[in-house]
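Residue-level structural notes
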Amino acid sequence: MKDKCYKTRKLILPPTSRGEVELLTPELEEAKLHLKECKECQSFFAQQDELRKFIKDNLPKAKVSASVREEVLKSISKKKEKKFFSFKNKSKYPSRFWWAAAVIIAFVVSIFLLDPFPEETSDTDQYIVTESEKSGYQLTEELINDYIRYRLSEQPAEYATNNPQELNNWFSRRLDFNARFSSIDELQLVGGRLCYLFESRVALAFYQKPDQWVSLFIFKDKQINLSKMKTVKLQDKTVWCGESRGYELTIWKQNDLLYALVADADCVGMAEKLLERI
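Residue positions within a chain follow its written sequence, with the count starting from 1. This being a predicted model, a pLDDT of at least 70 is required before a residue's local features are given, and a value of 80 or more before pairs of side-chain atoms are given or counted; all residues contribute to the totals for chains, interfaces and linings. Side-chain descriptors were evaluated using all non-hydrogen atoms of the structure, hydrogens and water having been removed beforehand.

**What to know about the overall build of the chain**
To qualify as a helix, a DSSP run of H or I must reach at least 4 residues; to qualify as a strand, a run of E must reach at least 2; elements of each kind are numbered from the N terminus. Scanning the chain for helices and strands turns up eight helices and eight strands. Here the term buried applies to any residue with accessible area under 20% of the maximum for its type, exposed to any over 50%, and partly exposed to those in between, with areas from a 1.4 Å probe on protein chains only. In the chain, buried positions account for 43% of the 278 residues. Here the analysis covers contacts within the chain between residues at least 6 apart in sequence; of these, 62% occur between residues at least 24 apart. Only heavy atoms matter for contacts: two residues are in contact if any of them lie within 4.5 Å across the pair.

In structure tokens, the structure reads:
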């Protein structure tokens, strides 16, 4: 296998198989250009697509409880820095057989262990942040990563509705705290979903208008260290502000809950309007 072929398959295969958002780096851009010209790599990825489709169509899903799913996600998060496969052969690159084996194992595990709630939609994405990462910086990065992921998703909402009360009722059956979402001036409620942060369930609602997408999170106050974040005063309430990759974040506390608003502009202004209604 040529060096460029190996690099291309290493860079493109993981996000393609996991369905995550790809951040276009110079290396990834070069790999995609190579893929357009290389018939062998095109054939390789076509075979992987056929294999995944065959497994998905022919292997039955195992229904598991929400508690089992959460435990699996926690275990994965604690081991995310470890390598799950090692190749000890003397060749410089792993063979196609090992590439195929890795894809099969990952796909089978995802089907049997990471199947979402059977009675709900199958599009729930969840992530875990460990206890040691409770800082304003980590919180900013995780929430903005989530914002980008769902902004680019075809179906971001697990429960689609434009009625705040309907969404609040939906969350009331899935959370051990009272998450209340309101309307936001000039923005249309799209719906919401459950996600996970600091090993706890989080309520997430989506709002949009033609030129803007907004994510609003509500979760328990986990004593996150926000001391290094910039602060402003809105209606005698302290609001913490963050920014990453051109996106804005505002956080405030209300009744032992944390509210986090993520948008590409005017985040503080929208937070001020929401504070008037909470």
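**Some remarks on the sheet that holds strand S7 (residues 247–254)**
In this description, strands pair whenever DSSP reports at least two bridges between them. Read from one edge to the other, the open sheet built from eight strands follows the order S1-S2-S3-S4-S8-S7-S6-S5, with strand pairing classed as antiparallel. The open sheet has two edge strands with one neighbour each: strand S1 (159–160) and strand S5 (230–234). With five bridges connecting them, strand S6 (residues 237–244) and S7 associate as antiparallel partners. Its bridge partner lying in S7, glycine 242 is registered against leucine 249.

**As for the pairing of strand S2 (residues 188–197)**
Here is the key point about a regular strand: its side chains alternate between the two faces of the sheet. Most of S2 sits inside the fold, with eight of its 10 residues counted as buried. As judged from the two bridges shared by S1 and S2, these two strands associate in the antiparallel manner. Note that in S2 the partner of tyrosine 159 across the bridge is glycine 192. Pairing analysis gives nine bridges linking S2 to strand S3 (residues 200–209), with the strands arranged antiparallel. If you follow tyrosine 196 over to S3, its bridge partner there is arginine 201. Following S2, the chain reverses through two residues before pairing antiparallel with S3; phenylalanine 198 in that reversal takes a positive phi of roughly 55°.

**Here's the deal with the environment of glutamate 40**
Along the chain, glutamate 40 turns up in helix H3 (residues 39–58). Sequence separation between glutamate 40 and cysteine 5 is 35 residues, and the spatial gap between their C-alpha atoms is 8.2 Å.

**Topic: the pattern of salt bridges**
When a carboxyl oxygen of Asp or Glu is within 4 Å of a side-chain nitrogen of Lys or Arg, the pair counts as a salt bridge. Considering all chains together, one arrives at six salt bridges under this definition. One salt bridge in this structure joins aspartate 264 and arginine 151, with 3.3 Å as the shortest N-O distance. With aspartate 264 in the loop between strand S8 (257–263) and helix H8 (267–275) and arginine 151 in helix H6 (residues 136–151), the pair connects residues that are 113 residues apart, well separated along the chain. Across the pair glutamate 186 and lysine 209 runs a salt bridge, and its minimum N-O distance is 3.8 Å.

**Examining the side chain of asparagine 168**
Tracing the sequence through the fold places asparagine 168 in helix H7 (residues 164–172). Here asparagine 168 is in contact with Ala179, Arg180 and Phe181, once residues within four sequence places are set aside.

**Observations regarding the state of the cysteines**
By definition, disulfides here are pairs of cysteine sulfur atoms that lie within 2.5 Å. Scanning the entire structure with this criterion turns up zero disulfides. A disulfide-free cysteine, cysteine 38 has its sulfur positioned 3.6 Å from the sulfur of cysteine 41, the nearest such atom. Classification of cysteine 38 by relative accessible area gives buried; the value is 11%. Among the cysteines around cysteine 267, which has no disulfide bond, cysteine 241 carries the closest sulfur, lying 7.7 Å off.

**Topic: helix H2 (residues 26–37)**
Multiply 1.5 Å by the residue count of a helix minus one, and that product is the helix's expected span. When the terminal C-alpha atoms of H2 are compared, their 17 Å separation across 12 residues agrees well with the 16 Å that a helix rising 1.5 Å per residue should span. The set of residues buried in H2 consists of Leu28, Ala31 and His34. Considered in projection along H2, the buried side chains sweep an arc of 120° and stay on one side of the axis. Pointing more than 90 degrees away from the buried face of H2 are the exposed residues Pro26, Glu30, Lys36 and Glu37. The reported arc concerns the directions from the helix axis to the C-beta atoms and nothing else.

**Quick look at the nonpolar core**
In this text, buried Ala, Val, Leu, Ile, Met, Phe, Trp, Tyr and Cys residues form a nonpolar core when linked through side-chain atoms within 4.5 Å. The biggest cluster of nonpolar side chains holds 30 residues, and the ones touching the most others in it are Phe171, Phe181, Tyr207, Ile218, Trp252 and Leu261. For this core, the elements supplying multiple residues, two or more each, are H7, S2, S3, strand S4 (212–220), S6, S8 and H8. For this core, the element with the most residues is H8, which contributes five residues. Listed in part, the 26 residues of the second largest apolar core include Leu139, Tyr147, Val202 and Ala260.

**Side note on the confidence of the model for the chain**
For every residue, the predictor reports its confidence as pLDDT, a number between 0 and 100. The share of residues in the chain with pLDDT of 70 or more is 67%, and the mean pLDDT across the chain is 75. The weakest mean pLDDT in the chain belongs to helix H4 (residues 66–78) at 58; the strongest belongs to H7 at 96. Considering only residues more than four positions removed or in separate chains, one finds that residues 80–94, a stretch of pLDDT under 50, has 15 contacts.

**A closer look at H8**
Taken together, the buried positions of H8 are occupied by Cys267, Gly269, Met270, Ala271, Leu274 and Leu275. Where H8 is buried, its residues contact S4, S5, S6, S7 and S8.

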